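A look at the structure
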Amino acid sequence: MATPQRYTGLIARYRDRLPVSESTRLISLGEGNTPLIQLQNIPRLIGVDVDIYVKFEGLNPTGSFKDRGMTMAVTKAVEAGSQAIICASTGNTSAAAAAYAVRAGIKAFVLIPAGKIALGKLAQTLMYGAQIIQIDGNFDAGMALVKQVAEHAPVTIVNSINPFRLEGQKTAAFEIVDELGVAPDYHCLPVGNAGNITAYWKGYSEYAAASDRHAAVIDKRPVMCGYQASGAAPFVLGKMVDNPETVATAIRIGHPQSWDLAWKVQQESGGWFDSLTDAQILTAQKLLSTHEGIFCEPASAASLAGLFKDLGTGKIPVGSRVVCTLTGNGIKDPDIAIAQCQDAKPVTIEASLDAVKQAILDAL
Ligand SMILES: *Cc1c(COP(=O)(O)O)cnc(C)c1O
């Protein structure tokens, strides 16, 4: 009989490829190991021969891929003796920072743009008990303040400018290659600060470099495709954007922190950046939920919306194998979800057998 193996998080799983030692105390909530789901209904619906997988990062402990980076960043902060962490956030980083800080027994300070964070993310951050500092400004303004204050106060920055964040996040690429047996042809991601696209590329590259240990077929890396919202598309415009706007609040970023790194990814992988309108993003979000049973947050759907766009133009050829990262869980943003479903308002009827029966017959 096989010995049962508890899954104890991504650092434990990929320990030999991460900057930890035998004695490092791991701060983990069992993150990573998220499902790679092959789409079945959407390829049929769009009538294109394409093999699409979604990496559903919304199933991490706090509901986004930020947990991958945060387990590593907080582990290293604690190892270095830090008593407090700080971040600027559009919501998901603050939820992750808050949760891992609690786990470690240290304090978390989070700067968020007042009124511009999804309800679920705010609820999480409050529940985890982080010190929330709301600012009358956007993410970019918060990020600038965090960088300044960290020079004057004993706090560790856990935004993706912290290199340990990217170390943790690169493990998503390891999981994909481990599961498919080979890297996909194309990898589509939403891009905000561009830390994640940089981390995936690092992961694929490290895997390919180590491929002599494995089958030769692993010596391959995907073309990286980064998608932004058209109102917050500095990589598409080739310059910073001062007043970014989009319904996809997680990528409402005008001054990406990993600017140079992401351009390097684009060049090395032969990939590109493109943008989608809010309407295209929301359509993809809803298509995924109504046709595949997968509910991601708006920003996440930019990856799928981008794939649709580039399949249409032939930039991503028929017959390709594509992975789209769904960065966060749809439950985080209930306001947008409910606003998207105004045409599907629940019917209200009297609480009787006849009325329920009639309602079913009417709907069939
Ligand atoms: C953080 C985040 C992004 C953007 O990732 P970057 O690394 O900043 O490019 C996209 N989607 C969701 C849900 C996020 O939380």
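Residues numbered from 1 in each chain as written. Predicted model: local features only at pLDDT ≥ 70, side-chain atom pairs only at ≥ 80, totals over all residues. Heavy atoms only, no water.

**With respect to a nonpolar patch on the surface**
Taken together, V347, I349, V356, I360, L361 and L364 make up a surface patch of nonpolar side chains, about 640 Å² in accessible area. Secondary-structure assignment places I349 in the loop between α14 (334-340) and α15 (353-363). Accessibility expressed as a relative area gives 42% for I349, which makes it partly exposed. (Patch = residues over 30% accessible without salt bridge, like charges linked within 9 Å, V, L, I, M, F, W, Y side chains within 5 Å. Areas by Shrake-Rupley, 256 points an atom, 1.4 Å probe, with all protein chains shown as cover. Salt bridge = Lys/Arg side-chain N within 4 Å of Asp/Glu carboxyl O. Helix = DSSP H or I, 4+ residues; strand = E, 2+ residues; numbered from the N terminus. Buried < 20%, exposed > 50% of the residue type's maximum accessible area, 1.4 Å probe, protein only.)

**Some details on the side chain of D140**
Along the polypeptide, D140 turns up in helix α6 (residues 139-149). Despite its burial, D140 pairs with no opposite charge, the nearest such side chain being R252 at 7.7 Å. When neighbours within four sequence positions are excluded, D140 is seen to be in contact with V241, P244, I253, G254 and H255. (Lys, Arg positive; Asp, Glu negative; His and termini not counted. Contact = heavy atoms within 4.5 Å.)

**Quick notes on helix α4 (residues 92-104)**
Taking 1.5 Å per residue, 13 residues should reach 18 Å; α4 reaches 18 Å between its end C-alpha atoms and fits that length. Most of α4 sits inside the fold, with 11 of its 13 residues counted as buried. Contacts made by the buried residues of α4 are with α3 (66-79), β3 (84-88), β4 (107-113), α5 (119-127) and α7 (163-169). Two residues or fewer after α4 comes G105, characterised by a positive phi angle close to 80°. (Expected span 1.5 Å × (residues − 1).)

**Remarks on the sheet that holds strand β5 (residues 131-135)**
Here 4 strands make up an open sheet; going across it, the order is β5-β4-β3-β6 and the pairing parallel. In this open sheet, the two edge strands, each paired with only one partner strand, are β5 and β6 (156-157). As defined by bridge partners, β4 adjoins β5 across 5 bridges and the pair is classed as parallel. Note that in β5 the partner of F109 across the bridge is Q131. (Pairing = 2+ DSSP bridges.)

**What about the site of the ligand?**
With respect to spatial proximity, 16 residues lie near the ligand, and among them K66, N92, N193, A194 and T327 are the closest. One of the backbone nitrogen or oxygen atoms of N196 is found 2.8 Å away from an oxygen atom of the ligand. Between the ligand and T327, the relevant distance is 2.7 Å, taken from a nitrogen atom to a side-chain nitrogen or oxygen of the residue. In the complex, 97% of the free accessible area of the ligand, which totals 380 Å², lies under the protein chains. Its residues assigned to classes, the shell around the ligand comprises 7 nonpolar, 7 polar and 2 charged. (Near = heavy atom within 4 Å. Polar contact = N/O pair within 3.5 Å; in protein donor to acceptor, adjacent residues only side chain to side chain. Nonpolar A, V, L, I, M, F, W, Y, C, P; charged D, E, K, R; others polar.)

**What to know about the pairing of strand β2 (residues 51-56)**
Burial runs high along β2: 5 of the 6 residues are buried. In this sheet, strand β10 (residues 321-326) lies alongside β2 in parallel orientation, the contact comprising 6 bridges. Its bridge partner being in β10, K55 is matched across the sheet by T325.

**Comments concerning the pairing of strand β7 (residues 186-190)**
Most of β7 is tucked away, with 5 of its 5 residues classed as buried. Judged by which residues are buried, β7 turns out to be covered on both faces: Y186, C188 and P190 on one side and H187 and L189 on the other are all buried. Where β7 lies against strand β8 (residues 223-229), 5 bridges are found, and the strand directions are parallel. Looking across to β8, one finds that H187 is bridged to M224.

**What to know about the domain arrangement of the protein chain**
In terms of domain boundaries, the protein chain breaks down into domain 1 (10-63 + 165-339) and domain 2 (66-162). Facing the 48 residues of domain 1 at the interface are 39 residues of domain 2. Counting each side, the surface lost to burial between domain 1 and domain 2 is near 3500 Å², with a carbon and sulfur contribution of 51%. Counting the contacts that link domain 1 with domain 2 gives 4 salt bridges. Residues K121 and E297 are paired through a salt bridge, measuring 2.7 Å at the closest nitrogen-oxygen approach. For the interface between domain 1 and domain 2, the tally reads 22 residue pairs in polar contact (both at pLDDT 80 or more). Among the elements of the structure, α1 (10-13), α7, α8 (171-180) and α14 are those that each provide at least two residues to the side of domain 1 that touches domain 2. Per element, the largest residue contribution to the side of domain 1 that touches domain 2 is 5 residues, and it comes from α7. Grouping the amino acids of the side of domain 1 that touches domain 2 by side-chain chemistry returns 16 nonpolar, 18 polar and 14 charged. (Domains from an automatic or database assignment. Buried area = accessible area lost by both parts, 1.4 Å probe.)

**Topic: the packing of helix α12 (residues 278-292) against helix α13 (residues 298-312)**
At their nearest, the axes of α12 and α13 sit 7 Å apart, and the two run at 95° to each other. As far as their axial angle goes, α13 and α12 are roughly perpendicular. Side by side, α12 and α13 meet where Q280, I281, L282, A284, Q285, L287 and L288 of the first sit next to P298, A301, A302, L304, A305 and F308 of the second. Partitioning the contact of α12 with α13 into residue classes produces 11 nonpolar, 2 polar and no charged. (Axes fitted to C-alpha atoms, helices over the stretch in contact; angles between N-to-C directions. Parallel < 35°, antiparallel > 145°, perpendicular 65-115°, else oblique.)

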